[in-house]
Amino acid sequence: MTRTIRVAVPGPFTEPLDYLVPSRLPLPRRGVRVRVPLGRRELVGMVTAAPSGSNLAADRLRPITAVLDDEPLLDEETSSLIEWAAHYYHHPVGEAYLTALPARLRQGQAAAPAIATVWTITAEGRETAPESLARQAPRQAVLLEALQAEEHLSPARLAGFDGDPRGALQRLVERGLASLTPVPDYGLIIGRGEESNLALNDEQIAAARAIQPGEGHEVVLVDGVTGSGKTEIYLDAIARSLAQGLQTLVIVPEIGLTPQLVRRFQRRLPGRIAVLHSGLGDGERLNAWLAARTGEADVVIGTRSAAFVPLRRPGLIVIDEEHDASLKQQEGFRYSARDLAVLRAHRLDIPVVLGSATPSLESLENVRRGRYTRYRLCQRAGDARPPVIQLLDMRGQPTRDGLSQPLIDQIRRHLEGGGQALLFLNRRGFSPTLICHECGWLAECDRCDARYTYHRGRGRLHCHHCDRERSLPHHCPSCGSVDLRPLGLGTERIETALQAAFPETPPVRIDRDSTRRRGSFERQMEAARRGDTRLLLGTQMLAKGHHLPAVTLVAIIDADQGLFGADFRAPERLAQLVVQVAGRAGRAERSGEVAIQTHHPEHPLLQMLIHGGYPAFAEAALAEREAAGLPPARAMALLRAEAPSREAPQAFLKAALAGAPRDPRVERLGPYPAPMERRAGRYRAQVMLQSDLRAPLQHLLTQWLPRLGRLPEARRVRWSIDVDPAETL
Ligand code: ADP
Ligand code: ZN
Ligand code: ZN
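The rules behind these values
Residues numbered from 1 in each chain as written. Chains lettered and ligands numbered in written order. Predicted model: local features only at pLDDT ≥ 70, side-chain atom pairs only at ≥ 80, totals over all residues. Heavy atoms only, no water. Donors = N, O, S within 2.8 Å, 3.2 Å for Na, K, Ca; no water. Tetrahedral: all angles 85-135°; square planar, octahedral: opposite > 155°, others 65-115°. Buried < 20%, exposed > 50% of the residue type's maximum accessible area, 1.4 Å probe, protein only. Salt bridge = Lys/Arg side-chain N within 4 Å of Asp/Glu carboxyl O. Helix = DSSP H or I, 4+ residues; strand = E, 2+ residues; numbered from the N terminus. Expected span 1.5 Å × (residues − 1). Arc of directions from axis to C-beta. Phe/Tyr/Trp six-rings, centres within 6.5 Å; stacked < 30°, edge-to-face > 60°. Pairing = 2+ DSSP bridges. Axes fitted to C-alpha atoms, helices over the stretch in contact; angles between N-to-C directions. Polar contact = N/O pair within 3.5 Å; in protein donor to acceptor, adjacent residues only side chain to side chain. Contact = heavy atoms within 4.5 Å. 1 Å grid on protein atoms, 1.4 Å probe; cavity = no way out; pocket = protein on both sides within 12 Å on 5 of 7 lines; lining within 4 Å. Points joined across faces, edges and corners; volume = space filled by probe spheres on them. Nonpolar A, V, L, I, M, F, W, Y, C, P; charged D, E, K, R; others polar.

Participant: For this particular structure, what's the right way to read the coordination of the zinc ion (ligand 2)?
Facilitator: At 2.2 to 2.4 Å from the zinc ion (ligand 2) lie its protein donor atoms, namely Cys436 (SG), Cys439 (SG), Cys476 (SG) and Cys479 (SG). If you look at the zinc ion (ligand 2), its four donor atoms make angles of 105 to 112 degrees with each other, and the shape they trace is tetrahedral. On the basis of relative accessible area, cysteine 439 is assigned to the partly exposed category, the value being 39%.

The structure is reproduced here in structure tokens:
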């Protein structure tokens, strides 16, 4: 009898491929990795079904060459989640599986954790009184006592003893009182739970009550400004999940996963914590992943891709900063970690908590439709008062490199009063443009519809869209003038202005340029947190989740760049930014001030934010989206194409549309050039699809997309589909 299996193989295949299992190999189950031939290569694939008949004749099927796992690596729940995501985001299923696995498992290595050697007490060691050694071998006596109490001593634990205790341990081994044993080492952080959780206030209690690990599905949106005590609610719920022996998955944006947060979890939670993020080595990543899968880890804190991590005994999912755009992958497999985590919690029938100071309009719409329950935290924990927000009208004001006189005065007042000021500008470099003062020539990237950013520190021009760099021109290539001037504001320029205005208080700049070295971001934030740094300026890196208790003034240097963005989400992003940044001010015992520099103080969005806060803004924005027929009122997908020539993407998209199934419920827009048509030497165009309901849109995509690869026009472009796009640029 021929044995066939279906295998999800990396490559452009929507569905798994059929293979034969030769009789010398065991029949692998779903969730097991196998090695398969594909063309002339050999790849690692994931078994999705076995056994099954095949539509292809057996003599056309190729045999797998190896079975890599004894036990399924992925359980049914995780496998079906990955397959669901591959279908929903219309991404090849094999690639989706790859995204979900740590690199070493993708490469076919064994699903085994690192091994550490530990010293273990023997039966004889247990019977021996440490005092009997105390006279001639005091160190051995101490170690024996520790072994009797703790059973094992790991290499990490040895640091807790004076000097290097290895020699003395070796003596104990020779005496037969201890032995060396290899044990799996998942590299977990051992939560000490030495600090008990705080007594929650009434608002926190209401939210915490709604989160009942082990008692069914519930989506709880915790909506509270920074410092209102959201993390305390998570900790309370996680502790209850732990007490029931259940695991918690915590998903945070990359920038939110700080050592500070991990230490806080460690101090509070008496459980083992695995951390999963992109900065880990392959070995560490594999260990953490396996710890989640085997249940060795009680709490898994990870970034986006942790949404797919298998869990042995899941009890609770937490998504912090749920509005954050980085939770949606923007290339390749374009999944939303937030949306998948909510779906996953639903399928697992467990609670999921979404936390934010500025909930996404998607989540607020789900509250409106009764799918999520929202809990607001209005009082700031520890009696911190909300900041006072004021607009600084820049019209006609003299400015010094972007700083108006009122702002300079305000900063001075705060510094003199012992406060800390935080300035925010979402643009690094010295200036976003270099212009010739004689003829108006602009330094433009020749591969993008964009200008070079001038980086004065490095003395270079840099395109932030394609990463191209070039040296600074000595003179204007158009008229020969040497009078080239920076135009516009970047963080380097603000830094210069601050140095001039406050020579006594050196500013610290925090952006991607100043924090390139590993750990430097953390060091700078730590100095800021201690209050050593009085004057800080930076990009959105500064806006997120860090506790800066001494900040009394937050200034937004330029609100105008966010008011007039090309993306339909630009106002939402600006509002979120303003509120997040404002959340840095007035923590702890001091009340804070927020100053926003703008040339458009009457802009309705700014007015709404100042007078009604984010909730009023969000309500108005939702109504606007509804009227304009945009998400979350309607479902959206974006088909993008790009190529070195301008016509190729247009031709492809036209051909694609010509062959698209007709459905009056799905509206089609385009093809039209992307708002930035040329990027990195490629012309970009897109087609937008929208529908009141997800189902018809999904149905159309499922029928339509598999045909696109066969169009002759497809050979000349790169194309991709983005379901629920986070941006439409
Ligand atoms: P968020 O996650 O919303 O930014 P946190 O949970 O980090 O807020 O809380 C901000 C600060 O307030 C922390 O120092 C925290 O320990 C403190 N805090 C939160 N809730 C309480 C409470 N119920 N009682 C006392 N302090 C609290
Ligand atoms: Zn010129
Ligand atoms: Zn460029």
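Text resumes after the structure shown.
Participant: Honestly, the pattern of salt bridges in this entry has me stumped. Any pointers?
Facilitator: Two side chains with opposite charge may pair up if their charged atoms get near one another. Per the stated rule, a full pass over the model turns up 50 salt bridges. Look at the salt bridges and you will find they share partners, linking Glu195, Glu232, Arg264, Arg267 and Arg268 into a network.

Participant: In this structure, what is going on with helix H14 (residues 405-416)? I would like to understand it.
Facilitator: Since there are 3.6 residues in each turn of an α-helix, residues three or four apart along the chain are aligned in direction. The end-to-end C-alpha separation of H14 is 16 Å, in line with the 16 Å expected for 12 residues at 1.5 Å each. Among the residues of H14, Leu407, Ile408, Gln410, Ile411, His414 and Leu415 are the ones counted as buried. Down the axis of H14, the buried side of the element spans an arc of 160 degrees, and every buried residue falls inside it. Set apart from the buried face of H14 by more than 90 degrees, the exposed residues are Arg413 and Glu416. Backbone geometry just after H14 places glycine 418 at a positive phi near 85 degrees.

Participant: I'm lost on the coordination of the zinc ion (ligand 3) in this one. Help?
Facilitator: When a metal carries six donors in an octahedron, the ideal angles between them are 90 or 180 degrees, while four donors in a tetrahedron ideally lie at 109.5 degrees. Listed as protein donors to the zinc ion (ligand 3) are Cys445 (SG), Cys448 (SG), Cys463 (SG) and Cys466 (SG); their distances from the metal cover 2.2 to 2.4 Å. Metal-centred angles of 104 to 113 degrees between the four donor atoms at the zinc ion (ligand 3) mark the site as tetrahedral. Sequence positions of the donors to the zinc ion (ligand 3) reduce to the motif C-x2-C-x14-C-x2-C. Taken as a pair, cysteine 448 in the loop between strand E21 (433-436) and strand E22 (453-455) and cysteine 463 in the loop between strand E23 (460-462) and strand E24 (469-471) lie far apart in primary sequence, 15 residues in all. We note that cysteine 448, like cysteine 463, is buried.

Participant: I would appreciate a short explanation of the packing of aromatic side chains in the present structure.
Facilitator: What characterises a pair of aromatic rings is the spacing of the ring centres plus the angle enclosed by the ring planes. Going through the model one piece at a time under the given rule, you end up with nine aromatic pairs. Where tyrosine 88 meets tyrosine 89, the ring centres are 4.8 Å apart and the plane angle is 85 degrees; that geometry is what we call edge-to-face. Across the pair, exposure class does not vary: tyrosine 88 and tyrosine 89 are buried alike. Taken together, the aromatic side chains of Trp84, Tyr88, Tyr89, Phe308, Phe333 and Tyr335 make up a single cluster linked through ring pairs.

Participant: Can you walk me through the sheet that holds strand E31 (residues 666-679) in this structure?
Facilitator: The strand order E31-E32-E30-E33 describes an open sheet built from four strands, whose pairing is antiparallel. Because the sheet does not close on itself, it has two edges, and the strands there are E31 and strand E33 (718-723). Here the average twist between neighbouring strands, direction ignored, is 20 degrees. In the sheet, strand E30 (residues 635-643) pairs with E33 via six bridges, with the strands oriented antiparallel. Looking across to E33, one finds that alanine 637 is bridged to valine 723.

Participant: Even after reading the chapter, I still don't get the side chain of glutamate 322, so can you show me in this structure?
Facilitator: Inspection of the secondary structure assignment puts glutamate 322 in the loop between strand E14 (314-320) and helix H12 (337-348). Residue classification places glutamate 322 among the buried positions, given a relative accessible area of 1%. At 2.8 Å, the side chain of glutamate 322 and the backbone nitrogen of serine 360 are in polar contact. Among all residues touching glutamate 322, those that are not within four sequence positions of it are Leu221, Leu327, Arg338, Leu354, Gly355, Ser356, Pro359, Ser360 and Ser363.

Participant: How should I be thinking about the environment of tyrosine 186 in this particular structure?
Facilitator: Summarising the element assignment, tyrosine 186 is placed in the loop between strand E8 (178-185) and strand E9 (189-190). Judged by its relative accessible area of 14%, tyrosine 186 falls in the buried class. Sequence spacing of tyrosine 186 and arginine 285 is 99 residues, and the spatial spacing of their C-alpha atoms is 9.5 Å. Not counting chain neighbours up to four residues away, the residues in contact with tyrosine 186 comprise Pro113, Asn287, Ala288, Leu290, Ala291, Thr294 and Glu296.

Participant: Looking at this model, I keep getting lost on empty space enclosed by the protein. Mind explaining?
Facilitator: A water-sized probe rolled over the atoms picks out the places where empty space is left. Tallied over the full model, the rule gives two cavities of 30 Å³ or more. If you trace the largest cavity, you find it lined by Ala8, Pro10, Arg33, Val44, Gly45, Met46, Gly94, Tyr97, Leu98, Leu101 and Arg106. Contributing elements (two or more residues each) for the lining of the largest cavity: strand E4 (41-49) and helix H2 (93-100). When the residues that make up the lining of the largest cavity are grouped by side-chain class, the tally is seven nonpolar, two polar and two charged. What the second largest cavity holds in volume is close to 40 Å³. Every residue lining the second largest cavity is listed: Thr231, Tyr234, Val250, Val252, Leu261, Phe265 and Asp320. Among the elements of the structure, helix H9 (230-243) and helix H10 (259-268) are those that each provide at least two residues to the lining of the second largest cavity. In terms of residue class, the lining of the second largest cavity is made up of five nonpolar, one polar and one charged.

So, to be careful, I would describe these as geometric facts and stop short of saying anything about function.
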